[in-house]
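Structural features, examined
For reference, the chains in residue letters:
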Amino acid sequence: MRRKIVAGNWKMNGSRDLAQALVGYVRSQVESIDNGVEVVIIPPAIYIGDAACLAGDALALGIQSVGQWESGAYTGEISAGMAKDQGCRYGLVGHSERRQIFAETDDMVAAKVERLIGNDLDAIVCVGETLEQREAGEAESVVAGQVRKGLAAVTPDQWSRVIVAYEPVWAIGTGKTASAQDAQAMHASIRKVLAGMGAPAEEISLLYGGSVKADNAAALFAGPDIDGGLIGGASLVAEEFVSICRAVPAGA
Ligand code: PEP
């Protein structure tokens, strides 16, 4: 059965106090969430140690980005091994902000996926089209290309460490979401692409991201190919994030 996951990406927001308060609150609630969802907190890297002290076993931690190299003279970068060392189980790769602002290419995504998996971390690989690409009818082909290239180096025994997050760029932080039907259609299309790559597509968790809130989460998560969500802004509001975690359908 596929894992159900809700992951909160805090981006470059918060403070040590907020990190402690948020993780403490989510942890206090997580055991009462009985739909089988795995809750992942992805704080700024500098707060991972603080988060790890409070997260316990009930919450998983992730890192927002890692360097594409194992180690070395790369000032400012954090390696996948270091994230593992600090208690992370997940790493985010290919977020549209990394692609657009930091020029992260599909080749870099592929290298980072390799680093994460090589260090025993699960890779949440973000893909998604821009508004121009959607309006030009290119959404599926763009996303398919990102999936194929970003996951090109995954070996047959590594697929269990891969999660794909579909995040239409135009929906991130804008308050707009894909319709539940469009989101489901894109997730089904991603699953087909994965199958075409020889992956065990039915076993790979696919997440939706882009302006998920407490009041739209249930509708978005209802699609049969949608296994949870990647949450930005709403993951910084403790009660709202927990409500989103509760919105994942049980046993689906
Ligand atoms: C994100 O950045 O991954 C994201 C989904 O952001 P938001 O929920 O704020 O749209």
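Whatever comes next refers back to the structure up there.
Quick caveat: nothing in here was measured; it's all calculated off a predicted structure.

A short note on the sheet that holds strand β4 (residues 90-93)
As summarised here, the arrangement of the eight strands in space is β1-β2-β3-β4-β5-β6-β7-β8, forming a closed barrel in which the pairing is parallel. Taken over all neighbouring pairs, the strand axes of this sheet differ in orientation by 25 degrees on average, direction set aside. Docked against the sheet, helix α5 (residues 106-118) engages β4, β5 (122-127) and β6 (162-166), running at close to 175 degrees with respect to β4.

Digging into the pattern of salt bridges
Under the counting rule described, the total for this entry stands at 19 salt bridges. The partner of D227 in a salt bridge is K4, with the nearest N and O atoms 4.0 Å apart. Taken together, the residues D227 in the loop between α9 (217-221) and β8 (228-231) and K4 in the segment before β1 (5-9) connect sequence positions 223 residues apart. Residues D227 and K4 agree in their burial class; the two are buried. Note that E70 and R115 form a salt bridge whose closest N and O atoms lie 3.2 Å from each other. Of this pair, E70 sits in the loop between β3 (60-63) and α3 (80-85) while R115 sits in helix α5, and the two are 45 residues apart along the sequence. Residue class for R115 comes out partly exposed when judged on its relative accessible area of 28%. Members of the salt-bridge network, linked through shared partners, are R2, K4, R191, E202, D225 and D227.

Here's the deal with the packing of aromatic side chains
All chains considered together, the criterion is met by two aromatic pairs. Their ring planes at 5 degrees and their centres at 3.9 Å tell us that W69 and Y74 sit as a pair that is stacked. Residue classification places W69 among the partly exposed positions, given a relative accessible area of 31%. The ring centre of F102 lies 4.0 Å from the NZ or CZ of R98, which sits over that ring.

What to know about unusual backbone geometry
Phi is positive for K11, which is not a glycine, with a value near 55 degrees. With respect to the helices and strands, the residue K11 is situated in the loop between β1 and α1 (16-30). Residue D120 is not a glycine yet carries a positive backbone phi of 65 degrees. Within the secondary structure, D120 sits in the loop between α5 and β5.

What about the nonpolar core?
For soluble globular proteins, the rule of thumb is that nonpolar side chains tend to be buried together. Formed by 68 residues in total, the largest nonpolar core has its most connected members in V6, V113, L151, I190, L194, Y208 and F221. Sequence-distant contacts of I190, defined by excluding residues within four places in its chain, comprise V127, V143, V147, V164, Y166 and L206. Counting 13 residues, the second-largest nonpolar core is a separate cluster that includes I5, A60, L92 and I163.

Analysis parameters
Residues numbered from 1 in each chain as written. Predicted model: local features only at pLDDT ≥ 70, side-chain atom pairs only at ≥ 80, totals over all residues. Heavy atoms only, no water. Pairing = 2+ DSSP bridges. Helix = DSSP H or I, 4+ residues; strand = E, 2+ residues; numbered from the N terminus. Axes fitted to C-alpha atoms, helices over the stretch in contact; angles between N-to-C directions. Contact = heavy atoms within 4.5 Å. Salt bridge = Lys/Arg side-chain N within 4 Å of Asp/Glu carboxyl O. Buried < 20%, exposed > 50% of the residue type's maximum accessible area, 1.4 Å probe, protein only. Phe/Tyr/Trp six-rings, centres within 6.5 Å; stacked < 30°, edge-to-face > 60°. Lys NZ or Arg CZ within 6 Å of the ring centre and 35° of its normal. Core = buried A, V, L, I, M, F, W, Y, C linked by side-chain atoms within 4.5 Å.

By themselves, these observations are geometric and do not establish any function.
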